[in-house]
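The lines below spell out each chain.
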Amino acid sequence: MLDYIIVGSGLAGISFAEFCLQHQQKIRVFQSDLYQSSKVAGGLYNPVILKRFTLAWKSEEHVAFALNFYQQLEDKLHRKMDHSLPLYRVFHDVAEQNDWFGSSDKPKLTDWLDSKIELNDNEAINAPFGLGKVLKTGYVDTKLLLDLYHAYLVQQQVIDFSVFDYQSIIFHKDGVEYEGFKAKHIVFAEGYGLKSNPFFCHLPLDGTKGEVLKIYAPALKLIHIIKKQVFIVPLGDDFYRVGATYDWNDKTEVPTESGKQELISGLKEIVKVPFEIVEHVAGVRPTVKDRKPMLGTHPNHKNLHVLNGMGTRGVLLAPNMAWDLFQHIQAGTPLDAEVNISRFKKLLW
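Since the model is a prediction, treat every value here as computed from it, not as a measurement.

Procedures and definitions
- Residues numbered from 1 in each chain as written.
- Predicted model: local features only at pLDDT ≥ 70, side-chain atom pairs only at ≥ 80, totals over all residues.
- Heavy atoms only, no water.
- Helix = DSSP H or I, 4+ residues; strand = E, 2+ residues; numbered from the N terminus.
- Buried < 20%, exposed > 50% of the residue type's maximum accessible area, 1.4 Å probe, protein only.
- Polar contact = N/O pair within 3.5 Å; in protein donor to acceptor, adjacent residues only side chain to side chain.
- Expected span 1.5 Å × (residues − 1).
- Contact = heavy atoms within 4.5 Å.
- Pairing = 2+ DSSP bridges.
- Axes fitted to C-alpha atoms, helices over the stretch in contact; angles between N-to-C directions.
- Parallel < 35°, antiparallel > 145°, perpendicular 65-115°, else oblique.
- Nonpolar A, V, L, I, M, F, W, Y, C, P; charged D, E, K, R; others polar.
- Salt bridge = Lys/Arg side-chain N within 4 Å of Asp/Glu carboxyl O.
- Left-handed = near helix turned anticlockwise from the far one by under 90°.

Chemist: Where do I start with the side chain of Asn 308 in this structure?
Modeler: Note that Asn 308 resides in strand S21 (residues 304-308). Asn 308 sits in the buried class, given a relative accessible area of 2%. Separated by 2.9 Å, the side chain of Asn 308 and the backbone oxygen of Gly 191 make a polar contact.

Structure (structure tokens):
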């Protein structure tokens, strides 16, 4: 008998799978690749909300946990995937400079924001009002991570690439059964695919489409992440990732001309050199109206659990949230009320 069937193999799904394997749990992972925003994500980890110069929810805890987790995966998979790089915020005007000075002086932000204004020394960058340096930032190559981890799961013979059929779940007194696999629990970590999940579709998941470009710009010579209207992440060999858009109406994963033009417009506000677009991708982020993840157990089916709603900060949130849910199921450790789906109990019952 399996301990867990895991539906979804994005960042949340593989994080939960890894904790299961670390604790000798028998698992079966179903890729359920209908909506996998993790593979097209920018992969940034940044503890600061740069619109308001405030810390994101529990940033310090999530950064420390996530970076340790990715280090373990690098050791396990023998590849470098976590790239620590400073992030520089391009200021729009003097007012933003003043806001930065005020924020960097606050006790909770002194470890994350460098108080001095950096002068721009890259002729390819347009930053007449200077830049602010955010500390402890970087990016995870999410596509490489997922490809390598999926290959590892194939090697372990525990992954199935078919689309999960919710109607085929059979409930037993001691667990569940799916296509001949009996298990104690099913964990649904299928991102925006949750909207098709009959057990948890009533949760207020509000997907946000994001589009990202990959560009080639040999004259840019950027060695750190830069952010204004869009972010630019150096990938090496003069390639850069540029993102991202936010569309709350379009729920498809089809790249659009309007999304591309929005990114090009934002890019041209920052860079003054030619660039070539080599890739344009889109995905639907699993966002929640209150901007908190959704973890917990179905009120009527105690063997069914959900791990979702990581939104735009999936790289930082997924490992810690997966661990919290694993501890909750295994040891009965209470979930944080801010992420527990019991906050939506009227929708679930």
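Chemist: Explain helix H5 (residues 257-270) to me, please; I cannot follow it from the model alone.
Modeler: What sets the pattern is the α-helix's 3.6 residues per turn: residues three or four places apart point alike. When the terminal C-alpha atoms of H5 are compared, their 20 Å separation across 14 residues agrees well with the 20 Å that a helix rising 1.5 Å per residue should span. In this structure, the buried side of H5 is in contact with strand S15 (208-216), strand S16 (225-227), strand S17 (231-236), strand S18 (239-243) and strand S19 (276-285).

Chemist: Please clarify how the sheet that holds strand S3 (residues 44-45) should be interpreted in this entry.
Modeler: Across a sheet, strands are paired by hydrogen bonds formed along the backbone, either parallel or antiparallel in direction. Read from one edge of the open sheet, three strands run S3-S10-S6, paired in antiparallel fashion. Every other strand in the sheet has two partners, leaving S3 and strand S6 (82-84) as the edge strands with one partner each. Across two bridges, the pairing between S3 and strand S10 (residues 138-140) is antiparallel. Each residue of the ladder has a partner; that of Tyr 45, found in S10, is Gly 138.

Chemist: Can you help me understand the packing of helix H2 (residues 59-77) against helix H6 (residues 314-331) in this one?
Modeler: Think of two packed helices as two axes; the pair is described by the angle between the axes and how far apart they sit. Their axes nearest at 8 Å, the elements H2 and H6 cross at an angle of 85°. Between H2 and H6, the crossing angle belongs to the class labelled roughly perpendicular. Counting all contacts with H2, which are made through Glu 61, His 62, Val 63, Phe 65, Ala 66, Phe 69 and Tyr 70, the residues of H6 involved are Gly 314, Val 315, Leu 316, Leu 317, Pro 319, Asn 320, Met 321 and Trp 323. Broken down by class, the residue content of the contact of H2 with H6 amounts to eleven nonpolar, three polar and one charged.

Chemist: Teacher, can you tell me more about the pattern of salt bridges here?
Modeler: Two side chains bearing opposite charge may form a pair once their charged atoms approach each other closely. The tally for this structure, following the rule as stated, stands at 16 salt bridges. Between Glu 18 and Lys 76 there is a salt bridge, and its shortest N-O distance comes to 2.8 Å. A residue pair is termed long-range when its members are at least 10 positions apart, and Glu 18 in helix H1 (residues 11-22) and Lys 76 in helix H2 qualify at 58 residues. When its relative accessible area of 28% is taken as the criterion, Lys 76 is described as partly exposed. Bridged by salt links that share partners, the residues Asp 206, Lys 251 and Lys 289 form one connected network.

Chemist: I keep staring at the pairing of strand S20 (residues 294-297) and nothing clicks. Help me out?
Modeler: Successive side chains on a regular strand alternate, one facing one side of the sheet and the next facing the other. Across four bridges, S20 lies against S21 in antiparallel orientation. Bridge pairing in S21 places Gly 296 opposite Val 306. Count of turn residues in the S20/S21 antiparallel hairpin: six residues.

Chemist: Just to check I follow, could you spell out the packing of H1 against helix H4 (residues 142-155) for this structure?
Modeler: Relative orientation of the contacting elements H1 and H4 amounts to 45°, with a least axis distance of 11 Å. Between H1 and H4, the angle falls in the class oblique. Considering only the axes of H1 and H4, their crossing is left-handed. Of the residues in H4, those in contact with Leu 11, Ile 14, Ala 17, Glu 18 and Leu 21 of H1 are Thr 142, Leu 145, Leu 146, Tyr 149, His 150, Tyr 152 and Leu 153. For the contact of H1 with H4, a count of residues per class yields nine nonpolar, two polar and one charged.

None of the figures reported here should be taken as evidence of function without further support.
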